[in-house]
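# Structural characterization, general
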Amino acid sequence: MRKTAPQRLAEREARARSELLDSLFDPWIGGAGKAEMLTRLGPVDPMDAKDVARALQTDIAGPFAELTRETQTRIKAALAVLVNSDGEEFRAYWLDLRAPFGTTEAEADAIFPVVAKSLGVRLPEAPPRG
C-alpha cells in the first residue's frame, strides 16, 4: 500500500529530528562498552536524573554550546516536538544510538526528560498519554 503525503512528510520530519539529535549526541554514538568513555563518565544510573545530567554536562553541554545558534534552536525545536509525543520516537532513537548508558526502553524514557530540561526545553505538567 502506498504511503500518503502526510505519512511521507512525517517520516522526513522524523529523519530530520534524528539527524539533529545525532549532531547533539555525536560524542556518544556507539559508545556502549567503550572503556575510555565509561571511565570518563563514571558510573551513570540512567534512572537517576542527577547522574544523567552530570553525564550530559561532561560530554554534551560543551559541544552543544559550540553549535551555531540556528542549530541549537533546531535541536531544541526537535526536542519540543518529542516532548509532546508518545515517547516512541526518542526511545527508538536512544536505543539505536548505543550510548554509554541507558539500554532499555524504561531507561530511555527516564533519560529523555533530563535531556530536554538540560537543554532548556519545557516539559508539560503531565506526561502525554500514548
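Refer to the structure above for everything that follows.
The structure reproduced in this document is the subject of the present report. (Residues numbered from 1 in each chain as written. Predicted model: local features only at pLDDT ≥ 70, side-chain atom pairs only at ≥ 80, totals over all residues. Heavy atoms only, no water.)

## Side note on helix α6 (residues 88–97)
Within α6, burial applies to Phe90, Arg91, Tyr93, Trp94 and Leu97. Taken down its axis, α6 places every buried residue within 165° of arc, on the same side. Of the residues one or two after α6, Arg98 is the one with positive phi, at around 60°. (Buried < 20%, exposed > 50% of the residue type's maximum accessible area, 1.4 Å probe, protein only. Helix = DSSP H or I, 4+ residues; strand = E, 2+ residues; numbered from the N terminus. Arc of directions from axis to C-beta.)

## Digging into the environment of Ile29
With respect to the helices and strands, Ile29 occurs in the loop between α1 (5–25) and α2 (35–41). Accessibility expressed as a relative area gives 38% for Ile29, which makes it partly exposed. Sequence spacing of Ile29 and Leu67 is 38 residues, and the spatial spacing of their C-alpha atoms is 17 Å. Sequence-distant contacts of Ile29, that is, excluding residues within four places in its chain, are made with Asp22 and Leu97. (Contact = heavy atoms within 4.5 Å.)

## Describing the nonpolar core
Among the nonpolar cores identified, the biggest contains 32 residues, and Phe25, Trp28, Trp94 and Phe101 are the most heavily contacted of them. The set of elements that each furnish at least two residues to this core consists of α1, α2, α3 (49–59), α5 (69–83), α6 and α7 (105–118). Broken down by element, this core gets its largest block of residues, six residues, from α7. (Core = buried A, V, L, I, M, F, W, Y, C linked by side-chain atoms within 4.5 Å.)

## Comments concerning the packing of α3 against α7
At a minimum axis separation of 9 Å, α3 and α7 run at an interaxial angle of 50°. With respect to each other, α3 and α7 are oriented oblique. In this structure, the crossing between α3 and α7 has a hand that is right-handed. Two secondary-structure elements touch here, α3 through Ala49, Val52, Ala53 and Leu56 and α7 through Ile111, Val114, Val115 and Ser118. Looking at the contact of α3 with α7 residue by residue, the class counts come to seven nonpolar, one polar and no charged. (Axes fitted to C-alpha atoms, helices over the stretch in contact; angles between N-to-C directions. Parallel < 35°, antiparallel > 145°, perpendicular 65-115°, else oblique. Left-handed = near helix turned anticlockwise from the far one by under 90°. Nonpolar A, V, L, I, M, F, W, Y, C, P; charged D, E, K, R; others polar.)

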